[in-house]
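The primary structure of each chain is shown beneath.
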Amino acid sequence: MLKKSAILLAAISLSASALAACGNNSQSGKGDAAGPGTSKEPVELSVYNNAGITEEQFKEKFGNYIAEKLPHVTIKFIPKDKSVSLTEMVSSGSTKIDIYMDSIGQIGLKSSLLDLGLQYDMSDLVKKHNVDLSRFEPTTIDAIKLMGGLYGLPISNSTMVMYYNKDLFDKFGVPYPKDGMTWEEVTELSKKMTRSESGVQYVGYSTSIVHYLRMNPLSLVNVDPKSLKANFESDQWRQLVQTTLVDPMSGSGYKDKVKELEKKWYKVPYVDEFSKNKDTAMFSYIYADSAWLKDVNWDVVSMPALKEKPKVGAQSYPSYMFITSTSEKKDAAMEVIKLFISDEYQTSFSKSGGITSLKNEEIKKVFGQDTPDKTKNIKNAVFYNQFAPATPKTPFDTHVEADVRAQIPKLIMGDTDINTALRTAQEAVNKKIETESVK
């Protein structure tokens, strides 16, 4: 299957809810009339969500609303089975999928949409149903087209932001971070917050390296989709790693923290260090529900920017609904998808703390207003920056994330230099790609 994915990608050059209907006038996103060719005859549609949510969660987020708005549509939810891969389910003929749901970072991986050949270019269907693509945040459309075609429509979005522990800044008498900081400013702030006190080693900054590389602000491609090679030997890769990963995580105190974490898979401070141990002052992470932060006195600011690219943050990270190539009910499936891209639904979704996939400023204004986090800086943090241009994803991006991440602790400790680290990572990634592509 990996060989199949590699050939496919070489030839063609990665949670939301619902609340309103779009119809013949869906270019505005406000219509409720039936779409062209739509029948009100009873129809059953099979839906698969690759995020692995339960049927109850699906009903709460999607199914109940579909039933309310399209009562003639019956949804058959196909749960993700950990004991049986989707490849086995599809190849056996036992599973028929009409609507496939996944994020941009996952659709090209093994046993996913592209690997199974389930992708279907919806361009003609979009025209038939009068869906106005100009309503969407442009990078959410660019991202899917870079995968070979308009295979899905984005129903939600995400990005990276920088969380901070207010108690730690208060403890050390250091001013809080602010929106629009450069990486140089974050590096200096991190140095001030990296200190040892009462036997605890505190550090100023860390990040989820996997998410950061996947959504990097320089829009560097992890693996070239044509050559299926990684190439890290460039000034841009050196700048990305040195300026945004190594410099903010430097100093003798940080080295002590890395030594503490040498048996952890992540090696540098991660989710637990920020949210449970509370020894990390700033942590950049993908924006999501704040339940993981329940024990932290936190707030959030926009992702730092490179000084030569002010107000350019991470890439967008949209989630989509896809109509599969094997579906025999594409028009009915399109009517369901139109529920989730309407202004009415996206407004409700935005109020509940979901990042809209649309560029509508009025929808952005109500972001998070129905959540406990409405008093925090969430709206500015999420929307302060522009999204960096989208990049194509491949089945091998996870190798880049693993092998570049493995070099960061060595760079922090001074055990290697930037050129050697990137060359070593490049060789490791390309060796893995070569091995897997011939299977």
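Here the structure is a predicted model, which means the values were calculated and not measured.

### Observations concerning the pairing of strand β9 (residues 298-302)
Moving on, step 1. β9 sits mainly inside the fold: five of its five residues count as buried.
Moving on, step 2. With five bridges joining them, strand β5 (residues 160-165) and β9 adopt antiparallel strand pairing. Within β9, the position partnered with Y163 by the bridge is V300.

### A few points about the sheet that holds strand β4 (residues 152-156)
Moving on, step 1. Taken together, the five strands give an open sheet; going across it, the order is β2-β1-β3-β11-β4, and neighbouring strands pair in mixed fashion. Two strands bound the open sheet, and with one partner strand each, they are β2 (73-78) and β4. Sheet twist, expressed as the average angle between the axes of neighbouring strands with direction ignored, equals 30°.
Moving on, step 2. In this sheet, β2 lies alongside strand β1 (residues 43-49) in parallel orientation, the contact comprising six bridges. When the bridges of β2 are listed, L45 appears paired with I75.
Moving on, step 3. Packing against the sheet, helix α5 (residues 138-145) makes contact with β4 and β11 (319-323), and its axis sits at approximately 50° to β11.

### A short note on helix α9 (residues 235-246)
An α-helix turns once per 3.6 residues; consequently, residues spaced three or four apart project the same way.
Moving on, step 1. Buried within α9 we find W237, L240, V241, T243, T244, L245 and V246.
Moving on, step 2. Those residues of α9 that are buried lie in contact with α7 (183-193), β7 (200-207), α8 (209-214), α16 (397-413) and α17 (418-437).

### Some details on unusual backbone geometry
Moving on, step 1. Phi at S111 takes a positive value of approximately 60°, unusual for a residue other than glycine.
Moving on, step 2. Of note, S111 is situated in the loop between β3 (99-103) and α4 (123-128).
Moving on, step 3. The exposure class of S111 is buried, given its relative accessible area of 16%.
Moving on, step 4. The residue N130 is not glycine, and still its phi comes out positive at about 55°.
Moving on, step 5. Assignment of secondary structure puts N130 in the loop between α4 and α5.
Moving on, step 6. The class of N130 is partly exposed, set by a relative accessible area of 27%.

### Overview of the packing of α16 against α17
Moving on, step 1. Two elements in contact, α16 and α17, have axes whose closest approach is 9 Å; the angle formed by their N-to-C orientations is 155°. By the criterion of interaxial angle, the relationship of α16 to α17 is roughly antiparallel. In the crossing of α16 with α17, the sense of the turn from one axis to the other is right-handed. Across the interface between the two elements, H399, V400, D403, V404, Q407 and L411 from α16 touch I418, A421, T424, A425, A428, V429, K432 and E436 from α17.
Moving on, step 2. Here the residues of the contact of α16 with α17 are counted per class, giving eight nonpolar, three polar and three charged.

### Some details on the confidence of the model for the protein chain
Moving on, step 1. Looking at the protein chain, the pLDDT average stands at 91 and 91% of residues meet or exceed 70.
Moving on, step 2. For the stretch residues 1-33, pLDDT sits under 50, and the model shows 119 contacts to residues farther than four places along the chain or on other chains.

### Details of the pattern of salt bridges
Moving on, step 1. With the rule as written, the count across this model stands at 14 salt bridges.
Moving on, step 2. The salt bridge involving K432 is made with D403; its shortest N-O contact spans 3.0 Å. Pair noted here: K432 is in helix α17 and D403 is in helix α16, with a separation of 29 residues, a long-range link.
Moving on, step 3. By relative accessible area, which is 30% here, K432 ends up partly exposed.
Moving on, step 4. For D403, a relative accessible area of 13% puts it in the buried group.
Moving on, step 5. Members of the salt-bridge network, linked through shared partners, are K257, E260 and D279.

### A few points about α5
Moving on, step 1. Residues T139, T140, I141, A143 and I144 constitute the buried set of α5.
Moving on, step 2. Tucked into the core, α5 has its buried residues touching β4, β11 and β12 (386-388).

So, how was this worked out
- Residues numbered from 1 in each chain as written.
- Predicted model: local features only at pLDDT ≥ 70, side-chain atom pairs only at ≥ 80, totals over all residues.
- Heavy atoms only, no water.
- Buried < 20%, exposed > 50% of the residue type's maximum accessible area, 1.4 Å probe, protein only.
- Helix = DSSP H or I, 4+ residues; strand = E, 2+ residues; numbered from the N terminus.
- Pairing = 2+ DSSP bridges.
- Axes fitted to C-alpha atoms, helices over the stretch in contact; angles between N-to-C directions.
- Contact = heavy atoms within 4.5 Å.
- Parallel < 35°, antiparallel > 145°, perpendicular 65-115°, else oblique.
- Left-handed = near helix turned anticlockwise from the far one by under 90°.
- Nonpolar A, V, L, I, M, F, W, Y, C, P; charged D, E, K, R; others polar.
- pLDDT = per-residue confidence, 0-100.
- Salt bridge = Lys/Arg side-chain N within 4 Å of Asp/Glu carboxyl O.

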